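# Secondary and tertiary structure notes
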Amino acid sequence: MKRYSALALLKAGLTGQRGWERAWRDPEPKKSYDIVIIGGGGHGLATAYYLAKVHGLRNIAVLEKGWIGGGNTGRNTTIVRSNYRQKPLHDLFDFALDLWEGMSDALNFNVMFSPRGALFLGHSDGDMTVLAQRGDALRCDGIDADLLTRAQVQKLVPLLDMAPDARFPIHGGLIQRRGGTARHDAVAWGYARAADALGVDVIQKCEVTGFAMTGGRVSGVVTTRGAIAAGRIGICVAGNSGPVAALAGLQLPIEAQTLQAFVTEPVKPMIDTVIMSQSLHCYISQSDKGGIVLGGDPDHFPSYAQRGLPPRIEKAAAEAIALVPALSRLRMVRCWAGTTDMSFDGSPILSALPVDGLYLNGGWCYGGFKATPASGWCYAHLLATGDNHPLAAPFAFDRFARGATIDEAGVGVLPQLR
Amino acid sequence: MSGPSRLPGGPEPTLRFTFDGVPLRARTGDTLAAELLANGIGLVARSFKYHRPRGILSAGVEEPNALVTVGEGGRREPNTRATDVYVYDGLVAHSQNRWPSLAFDLGAINGLAARFLTAGFYYKTFFGPPSRWLLYERFIRRAAGLGKAPTTPDPDPYEHRSAFCDVLVVGGGPAGIAAARAGVQAGERVLLVEQDRIVSEAIDEARVLTRTTATGVWDHGFVTLVQRLVEPGQSPAPGQPAQRLWHVRARRIVLATGAIERPLTFAGNDRPGVMLSQAVRRYIERFKVLPGQRVVIATNNDDAYATADAIAAAGGTVVAILDSRAEKSAIANAAAHPVHTNAFPISTSGRRHHLHSVEADIWTECTRFEADLLAVSGGFTPVVHLHSQAGGALDWHEEIQAFVPGASRQAVSSVGAAAGDLPPVGTAVADLPNPKTSFIDFQNDVTAADIDLAWTEGYRSVEHLKRYTTLGMATDQGKTSNMAALARLASVAGVTIPQAGLTTFRAPFTPVTLGALAGADGGGHAAPSRRLALYDRHQRLAPLWQPLGLWHRPRAYPVAGETLHQAAVREACAVRTVAGIVDISTLAKFAVVGPDAAALLESVCATGIAKLAVGRGRYTFMLREDGMVMDDGTVWRLEENRYLLTSSTGGAERMEAHLSYAHRVLAPHLRVSVVAQQEHFAGIALAGPCAKDILAELTGITPPAHMGLAYAEIAGVPVLILAASYSGERAFELYAVASDAGTVWDALETATRARGGAPYGLEALEFLRIEKGHIVIGAEADGRTTPHDLQLERMLRKSGGFIGAAGLTRPALSAPDRLQLVGLTSDTPIPEGAMLVTATGEPVLGHVTSATGRVLGEGAVALGLLAGGRMRIGESLVATSPTRSQSARVTVTAPLFYDAEGTRYRD
Amino acid sequence: MLQIDCPSCGARAQSEFSYERTLDSVVTLDMPADETVRRLYARANPRGFDEELWRHAFGCRQWLVLRRHRQTHEITSVAAFDPALHR
């Protein structure tokens, strides 16, 4: 792997961009691997990287049905934070945050991780108490969380509507200063390049169409590019978890749902922090290119269409303008959607499946991007050793039958209530 | 004279506008782009990355270069295409992304460093700790972005409207008008929309909306339109919106969306003075503007020859026509201009930010032409966006080198140019000697060299190419760059264009303001507000209002400068010592009536119901299917087969759906009806030691015993009296029809105040219920607690058969270390929401769910959820809140602090 | 915005309806506990047709069974929920 650096850029600029190599190879799939990861998104590629880097395993393949990072990794709103209320979640996401902080250097690929702060606004005393509780839980577990007063929030985001008679008046907020954003595509490319450099085969345009079973155990996959034998197989396909697991005869506590986002035309800097709300469901940030990135509620019915419906966009726009009135004249230039794998307690599933040799990393709902490095790290641990990493142990597949669910929103089984 | 100019003749320009502060005049009906050209202005903008001087490329919404800020104050619209705004009197326009001026922009230094700032360069550097990246980012973000957003709120209203039609025709050109006519003749309701100000022909029987863009085609014939009632920055007429978003349901859709001309790729193809050929024609013929005097035309098809004729007719000189085809077509042969075959533009040079000459490769020899306008035509691309959004497939048409609409998934058809009815093109392309300045995506400064680099580095799928180079991701969404990019990708990959891949078309077709998307729901109307029936009564007392979801309810009624806390303490004391009244109207209320009413209630409620006597009520709670406590309330047997169920305010909609599910899906054979009555009846709770006397005085009856009920009248208004207590005092919930409840409130308020009592709000109610250990849905019952966790297990109906019974059998739900409801006491205030830890600080064992000072007496009490709490009575813990720098030493107790024996309820 | 043909109200916009759950996730109170838990926490979740329970919440409030494709959103049938047919 040719190292990236300012010096390399200088040399390339002076020599007409000669000398750059392919970021990752385009290998033909081998007939067998020790471990096959189905799904070439951020999580799957991170898993492959850590299998190679941390566990020294090289006979690994990542099979991606389209082009890497083309699923939710390429469609999310790039928010990174770990300020969840439930301990198993905030411990896992905070481990991710630690890895985010060193990711660009580790991968030698600038993923533009920007700890510009993740701010939750409170719109009533009740909101502020809920935010304080969340902040206290985080601080007691060593994770940064600060309550901000009205004045402090205004200083941070001057364009917020601070009028006391606003429909959603600002009472204050809870901020995680270590949280922020990252460039989503770069995460997929960075992990792919680094994993490839360590000998992992990243194979695109390779769709898994079935599993080969030998004596009740998966022994390989059937793909559009031939049959591939494997010792262990890790499913890592986000919104497609249901259909892929169905190939092995399994049903999951997951339902696919569409989540939309949109971006405005680029403007000069106006919002420096990621803004979310305790009461509203819209979230707002400004990308490095200048566009305002907005998201809101999911479309509350099952879908794989990767295409949402106008009411959610309109509601997100209305809420965004209620918070930041200056947004009204900015124009949405592009809207898109991903398919989220909504688990039935809102928390991920990182676990062996009831079929021997088959594993699942999925059910991240709409919170998967921020977890990418920790998801990869823990899944690599599971695939390499057969045992779950302590941080991932609470997210076992059988927790639903046992009653040990981890429900951040406290709404239960039906995903559309989440 | 060189450069663009207004053609002589025609009406005087009378509209006044400014550009970068310079006052100018315009004719009515002209776009800003046309008028800038008319006024001799060719330099209009600076490009995103390299700050290259840019002019006007097109005459339509596909314009990638001429982005200006139009309007002032809260109406300022940055990134407005000058080609898509019509000049009005007083229009103020400014160029963007340049400092100190358009003509002299320091940002052009980026252009000098262009060789280092190739696509994706930022992925290869800027390493180091995140704090260092934040520093780099500050400069990057300042350099990024085009225009500046307004800083003041938008003063104009927006509106949403719905429409239904049999045919929606998108596009008012000849093909669209013909399709509309056909629909009218067939007796269909026709709606025709056109993004321009004019349609090619009037059509009476169809509804026509101009300045209206179809932004997206969604499912089942649903189409969104954005209609501009005024131009950017212009004030709408009083009472009129600035823009209207239409939601249209159409039985079928006809796309007459035309085609967009393709530029050519060569060095310096982004210079002011290089324009699309049909655009040149439009400026001449429609806007009476000549974009240049000495014109070179470069084309691969016959259409550009009409441009040559138009230029000559307007008094310009066609210096050369560079036709890329090897042989002259019939049109070329008939042309009265110098035509060169096998001719390609190779590069341009400029003077004072404008085109000065064009270097051409003609039969492999280089020739230079002096020109101030280069009109290019690389063929035409049908506008297939909406067809594609509707799920339609695309087919490749070799003769026109473009994708045309193929099979359609919905009732969507395309006509005219949009369907591929376009002139064939020659396919020969010249080599690019200088790919570094041959622009593919003008707005994002993506060159052919960037595409080559992306290919070398392995970003080879179309989506990877786009994301790595950012081509096609600017505000024009690649309208003038997609095909050139695919062509370059195909060439570097050694495949055909259709093999190279396809781009995805995403809504909106052209950018839509957030204000239009929000409609009337922007700003203050982003969510409705729900008001109590007794709002006027409360407002008279100037309460502090508290939101819960969409409701606004009185939190306290401060008098004489009291703080919230002082008022709430006074009110709570009044309830404990005399009496108080509180508005409880928002509680969910359901009339459950029929011979099987008890059976339905027993399926939903986890407690006994069937044994409830007529005239009696009881506390009850309801579980989710997974066994967690979902809601709680009371149930009252008003008559043999008539029950009233109350439950929490916040869960009202959920409970209504739940009851409906339990009946209609799980037990449709039950003879029962459920009617939600939350808003029909207002509710007032009268509580306190004097409550019984007050009620007796007002009704003339003996008030019912605790958990009994009665009907009576107060001030002539029928009321239902339910003797329930939330506060812990002897209390009565009084329900009256909402429209009559004011009279009841007045009578109660007078009688209560006469004895020294007072109305109380939700803050005081909180103090009172915490002392009694009453749980609240959302606080103690947070969706993760079972009945056992909340000390409710003794009330579980042993016969089972309720929703949630199965979920409760799961083993982890009986684990002894689960978070369980406890009480907490302390000498100092206990912070609500604080974490419960041991004296050493770790680990976190639970949290404080609700806290208050004792109403009568000293010290603080609280409810909390504590791991294994039932076994920890008597332990000493710390309630700590690091975020508020508060903590308290607490003792774990049973969750009940007041009148454990319930003596207050007995008369 | 989908369009749903309610048997009693006619073709109405999706915003009047609420998606509730899949038909095969309905658990009745007489099912054994382990069967209930299994059905609650497993879904076919196909990338094709499925039968879903929707409620016409802002209309006639009927419970409806839709047969709907989860990729194309094509709705091939809408019928009032009928335990005889749908359980």
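Residues numbered from 1 in each chain as written. Chains lettered and ligands numbered in written order. Predicted model: local features only at pLDDT ≥ 70, side-chain atom pairs only at ≥ 80, totals over all residues.

### Notes on the overall build of chain A
We apply this condition: Helical segments are the DSSP runs of H or I of at least four residues, strand segments are the runs of E of at least two, and each set is numbered from the N terminus. Computation of the radius of gyration draws on C-alpha atoms alone. For the globule rule, the value is 2.2 Å times the number of residues to the power 0.38. Once C-beta atoms are placed from the backbone, each residue is buried if 20 or more other C-beta atoms lie within 10 Å of its own, exposed if 12 or fewer, and partly exposed for counts between those two. Any pair of residues counts as being in contact when their C-beta atoms, constructed from backbone geometry, are within 7 Å of one another.
Across its full length, chain A carries 10 helices and 19 strands. For 418 residues, the compact-globule estimate of 2.2 N^0.38 gives 22 Å, and the C-alpha radius of gyration of chain A, at 21 Å, lies within 12% of that figure. Seen through its principal axes, chain A has C-alpha atoms that stretch 65 × 65 × 40 Å. Sorting the 418 residues of chain A into buried and exposed places 67% on the buried side. Counting only contacts in chain A whose residues sit at least 6 apart along the sequence, the fraction spanning at least 24 positions is 75%.

### Some details on the domain arrangement of chain A
Residue and element names in this part refer to chain A. Keep this limit in mind: Note: domain ranges come from an automatic or database domain assignment. Amino acids are sorted into nonpolar (Ala, Val, Leu, Ile, Met, Phe, Trp, Tyr, Cys and Pro), charged (Asp, Glu, Lys and Arg) and polar (every other residue, Gly among them).
Here chain A is described as being made up of domain 1 (25-109 + 183-253 + 345-417) and domain 2 (118-177 + 256-340). On a C-alpha basis, the centres of domain 1 and domain 2 stand 28 Å from each other. Listed per partner, the contact involves 21 residues of domain 1 and 26 residues of domain 2. The element best represented in the side of domain 1 that touches domain 2 is helix α3 (residues 87-107), accounting for 4 residues. Of the residues assigned to the side of domain 1 that touches domain 2, the class counts are 4 nonpolar, 11 polar and 6 charged.

### Digging into the packing of α3 of chain A against helix α9 (residues 368-385) of chain A
All names here are of chain A. Counted only if it meets this: The axes used here are C-alpha line fits, helices contributing only the stretch in contact, and every angle between their N-to-C directions lies in the interval 0 to 180 degrees. What sets the label is the angle itself: under 35 degrees gives roughly parallel, over 145 gives roughly antiparallel, 65 to 115 gives roughly perpendicular, and the rest give oblique.
At a minimum axis separation of 7 Å, α3 and α9 run at an interaxial angle of 100 degrees. With respect to α9, the element α3 is oriented roughly perpendicular. Taking contact as the criterion, the partners of Leu92, Phe93, Phe95, Ala96, Leu99, Trp100 and Met103 in α3 are, on α9, Lys370, Ala371, Thr372, Pro373, Ala374 and Trp377. For the contact of α3 with α9, a count of residues per class yields 11 nonpolar, 1 polar and 1 charged.

### Section: the interface of chain A and chain B
On the side of chain B, 87 residues touch chain A, which itself brings 82 residues to the contact. Secondary-structure elements contributing two or more residues to the side of chain A that touches chain B are α1 (6-14), α3, α4 (125-140), β5 (146-149), α6 (184-197), α8 (310-323), β17 (331-343) and α10 (399-402) of chain A. Classifying every residue of the side of chain A that touches chain B by side-chain character gives 45 nonpolar, 16 polar and 21 charged.

### Overview of helix α11 (residues 482-493) of chain B
Counting along an α-helix, one turn takes 3.6 residues, and residues three or four places apart therefore face a common direction. Residues and elements named next belong to chain B. Condition: A helix is expected to span 1.5 Å multiplied by its residue count minus one.
The terminal C-alpha atoms of α11 lie 16 Å apart, and with 12 residues this matches the ideal 16 Å at 1.5 Å per residue to within 8%. Of the surrounding elements, those touching the buried residues of α11 are β25 (380-382), β27 (402-405), β29 (439-441), α9 (448-456), α10 (462-469) and α12 (497-500). Once α11 ends, the next one or two residues include glycine 494, with phi positive near 70 degrees.

### What to know about the sheet that holds strand β8 (residues 91-95) of chain B
Residues and elements named next belong to chain B. Test applied: Pairing between two strands is assigned when DSSP locates at least 2 bridges connecting them.
Taking strand neighbours across the sheet as the criterion, the 5 strands line up as β3-β2-β8-β6-β7 in an open arrangement whose pairing is mixed. Each of the sheet's edge strands pairs with one partner strand only, and the pair in question is β3 (22-26) and β7 (77-81). Pairs of neighbouring strands in the sheet enclose a mean axial angle of 35 degrees, with direction left out of account. Relative to β8, strand β2 (residues 15-19) runs parallel, the two being bridged by 3 bridges. Within β8, the residue paired with phenylalanine 19 across the bridge is alanine 93.

### Overview of the interface of chain C and chain A
Quoted interface sizes are often the accessible area lost when the parts come together. The partner chain A presents 23 residues to the 16 residues of chain C that form the contact. Those elements giving two or more residues to the side of chain C that touches chain A turn out to be β3 (18-22) and α1 (33-40) of chain C.

### Some remarks on the pairing of strand β10 (residues 190-194) of chain B
Residue and element names in this part refer to chain B. Across the 5 residues of β10, 5 count as buried, placing the element largely inside the fold. Judged from the 4 bridges that link them, strand β9 (residues 158-170) and β10 form a sheet pairing that is parallel. Across the sheet, residue leucine 168 finds its bridge partner in β10, namely leucine 191. Sheet topology note: the β10/strand β11 (residues 207-210) ladder contains 4 bridges and is parallel. Paired with leucine 191 across the two strands is arginine 207, which belongs to β11.

### Some remarks on the nonpolar core
In globular proteins that are soluble, nonpolar side chains generally tend to be buried together. Counted only if it meets this: In these notes, a nonpolar core means any group of buried Ala, Val, Leu, Ile, Met, Phe, Trp, Tyr and Cys residues linked to one another through C-beta atoms within 7 Å.
Within the largest apolar cluster, 436 residues are counted, with the highest numbers of intra-cluster contacts made by Val36, Ile38 and Ala320 of chain A together with Leu601 and Leu686 of chain B. Here the element with the most residues in this core is α3 of chain A; it accounts for 9 residues. Ignoring any residue separated from it by four or fewer positions in sequence, one finds valine 36 of chain A in contact with Ala61, Leu63, Val221, Ile228, Ala230 and Ile233 of chain A.

### Focus on the sheet that holds strand β19 (residues 317-323) of chain B
Residue and element names in this part refer to chain B. The strand order across the open sheet formed by 5 strands is β16-β24-β18-β19-β20, and the pairing between neighbours is parallel. Each edge of the sheet is formed by a strand with only one pairing partner; in this case those strands are β16 (274-276) and β20 (339-340). Judged from the 3 bridges that link them, β16 and strand β24 (residues 373-377) form a sheet pairing that is parallel. By the bridge assignment for β24, methionine 275 is matched with alanine 375. Helix α5 (residues 277-285) contacts β16, β18 (294-299) and β24 of the sheet and is inclined by roughly 85 degrees relative to β16. Helix-sheet contacts for helix α6 (residues 304-313) involve β18, β19 and β24, and the interaxial angle to β18 is about 170 degrees.

### So, the packing of helix α18 (residues 691-699) of chain B against helix α19 (residues 741-754) of chain B
All names here are of chain B. Note the following rule: In this scheme the handedness of a crossing depends on how the near helix is turned from the far one: anticlockwise by less than a right angle means left-handed, clockwise means right-handed.
Viewed as axis vectors pointing N to C, α18 and α19 meet at an angle of 130 degrees, and their least axial separation amounts to 10 Å. By the criterion of interaxial angle, the relationship of α18 to α19 is oblique. The hand of the α18/α19 crossing is right-handed. Where α18 approaches α19, its residues Ile694, Glu697 and Leu698 are matched on the opposing element by Ala747, Ala751 and Thr752. For the contact of α18 with α19, the residue count by class is 4 nonpolar, 1 polar and 1 charged.

### Quick word on the environment of alanine 23 of chain A
Take alanine 23 of chain A: it is sitting in the loop between α1 and β1 (32-38). C-alpha separation for the pair alanine 23 of chain A and aspartate 196 of chain A, spaced 173 residues apart in sequence, amounts to 8.3 Å. Apart from the residues lying within four places of it in its own chain, the contact partners of alanine 23 of chain A are Trp189, Ala192 and Arg193 of chain A together with Glu457 and Gly458 of chain B.

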